[in-house]
Amino acid sequence: MTDKPLITTALQTSAFDPEARADPYPRLKAMQEQCPVFRDDVMMAWFLTRYADVKAVANDRTLWRHPINGEEGSFSRRLLEPGLDEETQRRSGSILFLDDPHHARVRQPLMKAFYARVAQMKTGIEAVIADVFERLGRPDRFDLMAAVAIPVPILAIARILGVEEARYREFRDWSEGVILGLTTLRTPAQTERMEAAREAVYDYFITLMQARRAEPRDDLISDLVRLQAEGAQLSDDEIAINLIALLVGGNLTTSDLIGNGVRLLLTHPEELAKLKADPSLAGAAVEEVLRFESPVDITARIASHDMEVGGCPVTQRQTLMISLRAANRDPSMFEKPDCFNITRKHAPHVAFGGGAHICIGAPLARIEAAAAFREIFARFPKLRLANEELRWRSLPFFRGLEALWVETGV
Ligand code: HEM
């Protein structure tokens, strides 16, 4: 064992790096053992891999999130929109990047309206799943990502928001374009794609908001414009941007959860047998997939004061990148962390982050993935992996498959 870190930047633990794309865990484990509080000079950020540190930072509501608070030159600051004055910067963007008071002002009404719609989706998901499987039919083999994992979250969020389902392919396309804004490692073509997607989806929502104001319907967009008319402090821009956040946040991540989960269950026959014997374990299976193969690698906070993390001095404005993936495999928290076990007793994973920014979509993602697991294995009890090489996507800080070919054995 050496004291020299195995990596020079956290990017080398992400899907951006071909070795980590295939298997990020050996590097994360080495970091956790050798330098759990690592200074990444490329991203100008601290990279934390121990559960205790990750959890403490995620839950610390005194820390900042907005990139504008980051050090000059840091990865965080490079996410800022150029050309906007400071006050506009602080107010703009989705709740993912806002700090209080703007974060609470926007998140609270959004969450209230969204959770009422998610509660309806507890039963509504059955109709979404039925549509997806009806379209699929009874093929001998199919790509589970394209046929199930991608359409389920898109159709569910489309129904919640009240947008036409016929446009779900465009939504996926827009989501993939917009999510490129979370990284600065873009080719010019990707930047062009991101900007075109942002503009198209923004215009789409603004138009839909006007339509719902004139003629309300039973959907989240109508709920939000009504709340605004009743006095909620939300501008049109904030509503549109956060609708985009729901659309984007709800797509790639949940598709990856479903895809990663089906792959894990098919490669762990004992765990799959437990689920088949007792489909009420679907919720527990979802939690274990979230822990074992988290769709999102990291989240971040910015030090609002000089502080100490894991024994290291951190100064105000420095970025703290926290590795949810490494924390979820920390042996000091989880017994046999590298074992996939859907009946594990106590597994408080951090796949959804924590504190003020904890994922707003977690309840929806859980409903969708549990329903998808139940239906896939009920409908195709002999499902197995096809003999195809697995290809993971290369988008940094997300872990999901390009395709998952399966055979139905019918
Ligand atoms: C398996 C699925 C998902 C995973 C793993 C995931 C993960 C995350 C993580 C790690 C964060 C950052 C939390 C933090 O900084 O502490 C986050 C925030 C967020 N997620 Fe999710 N997410 C998922 C599904 C969804 C869904 C279904 C939606 C919406 C429909 C959504 C919308 C959001 C939004 C809007 C935020 C920003 C919240 C805030 O900063 O206040 N996510 N998510």
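Asker: Go over the site of the ligand, please, and point to the residues and values.
Answerer: Neighbouring the ligand are 29 residues, the closest being H103, R107, T299, H357 and C359. Here H103 contributes a side-chain N or O atom positioned 2.7 Å from an oxygen atom of the ligand. At a separation of 2.6 Å, an oxygen atom of the ligand approaches a polar side-chain atom of T299. Elements supplying a minimum of two residues to the shell around the ligand: α6 (102–136), α12 (236–249), α13 (252–267), β4 (298–302) and α17 (362–379). Of the residues contributing to the shell around the ligand, the split by class is 17 nonpolar, ten polar and two charged.

Asker: Lay out the side chain of E238 in plain terms, naming residues and giving numbers.
Answerer: In this structure, E238 sits in helix α12. At 2.9 Å, the side chain of E238 and the side chain of R105 are in polar contact. Apart from the residues lying within four places of it in its own chain, the contact partners of E238 are R91, R105, V106 and Q233.

Asker: Go over the packing of aromatic side chains, please, and point to the residues and values.
Answerer: The full count for this structure, using the stated rule, is six aromatic pairs. Consider the rings of F142 and F380, whose centres lie 5.5 Å apart with planes at 45°: the pair is tilted. Of the two residues, F142 sits in strand β3 (residues 141–143) while F380 sits in the loop between α17 and β8 (384–385), which places them 238 residues apart along the sequence. Classification of F142 by relative accessible area gives buried; the value is 5%.

Asker: Residue-level account of α6, with values.
Answerer: The end-to-end C-alpha distance of α6 is 43 Å, clearly below the 51 Å that 35 residues give at a rise of 1.5 Å each. The largest bend in α6 comes to about 55°, at T123. Following α6 by one or two positions, G137 adopts a phi angle in the positive range, close to 70°.

Asker: Break down the pattern of salt bridges for me, with residues and values.
Answerer: Applying the stated criterion to the full structure yields 30 salt bridges. A salt bridge links D256 to R393, with the nearest nitrogen and oxygen atoms 2.9 Å apart. Of this pair, D256 sits in helix α13 while R393 sits in the loop between β9 (391–392) and β10 (401–403), and the two are 137 residues apart along the sequence. Residue class for R393 comes out buried when judged on its relative accessible area of 13%. When salt bridges with common partners are traced through the structure, they connect R117, D218, D223, R226 and E230 into a single cluster.

Asker: Account for the nonpolar core, naming residues and giving values.
Answerer: Among the nonpolar cores identified, the biggest contains 115 residues, and V148, L161, F205, V262 and I376 are the most heavily contacted of them. Counting residues per element, this core draws most heavily on α6, at twelve residues. Look past the residues within four positions of F205 in its chain and what remains in contact with it is L161, V163, I221, A240, L243, I244 and L247. Residues I7, L11, F75 and I298 belong to the second largest nonpolar core, which totals 15 residues.

Asker: Requested: an account of empty space enclosed by the protein, with residues and values cited.
Answerer: Summed over the entire model, instances satisfying the criterion amount to three cavities of 30 Å³ or more. In this structure, the largest cavity encloses a volume near 50 Å³. In terms of lining residues, the largest cavity is bounded by T13, S14, A15, A20, R21, P24, D297, R325, F398 and R399. Tallied by class, residues from the lining of the largest cavity come to four nonpolar, two polar and four charged.

Asker: Give me the pairing of strand β2 (residues 45–48): which residues, what numbers.
Answerer: Taking every second residue as pointing to the same face, both faces of β2 are buried, with A45 and F47 on one and W46 and L48 on the other. Pairing between strand β1 (residues 37–40) and β2: four bridges, direction antiparallel. Bridged to R39 within β2 is W46. The hairpin turn running from β1 into β2, its antiparallel successor, is four residues long, and M44 in that turn takes a positive phi close to 50°. Two elements, β2 and strand β7 (residues 319–323), share four bridges in a ladder whose sense is parallel. Residue pairing in the sheet places A45 in a bridge with T319 of β7.

Asker: Go over a negative patch on the surface, please, and point to the residues and values.
Answerer: A surface patch of like charges, here negative, comprises E192, E195, E199 and D203. Structurally, the position occupied by E192 is in helix α10 (residues 188–214).

Calculation rules
- Residues numbered from 1 in each chain as written.
- Predicted model: local features only at pLDDT ≥ 70, side-chain atom pairs only at ≥ 80, totals over all residues.
- Heavy atoms only, no water.
- Near = heavy atom within 4 Å.
- Polar contact = N/O pair within 3.5 Å; in protein donor to acceptor, adjacent residues only side chain to side chain.
- Helix = DSSP H or I, 4+ residues; strand = E, 2+ residues; numbered from the N terminus.
- Nonpolar A, V, L, I, M, F, W, Y, C, P; charged D, E, K, R; others polar.
- Contact = heavy atoms within 4.5 Å.
- Phe/Tyr/Trp six-rings, centres within 6.5 Å; stacked < 30°, edge-to-face > 60°.
- Buried < 20%, exposed > 50% of the residue type's maximum accessible area, 1.4 Å probe, protein only.
- Expected span 1.5 Å × (residues − 1).
- Bend = angle between axes of the 7 residues up to and from the residue.
- Salt bridge = Lys/Arg side-chain N within 4 Å of Asp/Glu carboxyl O.
- Core = buried A, V, L, I, M, F, W, Y, C linked by side-chain atoms within 4.5 Å.
- 1 Å grid on protein atoms, 1.4 Å probe; cavity = no way out; pocket = protein on both sides within 12 Å on 5 of 7 lines; lining within 4 Å.
- Points joined across faces, edges and corners; volume = space filled by probe spheres on them.
- Pairing = 2+ DSSP bridges.
- Patch = residues over 30% accessible without salt bridge, like charges linked within 9 Å, V, L, I, M, F, W, Y side chains within 5 Å.
- Areas by Shrake-Rupley, 256 points an atom, 1.4 Å probe, with all protein chains shown as cover.
- Lys, Arg positive; Asp, Glu negative; His and termini not counted.
- Charge placed at Lys NZ, Arg CZ, Asp CG, Glu CD.

Geometric descriptors of this kind do not, in isolation, establish any biological role.
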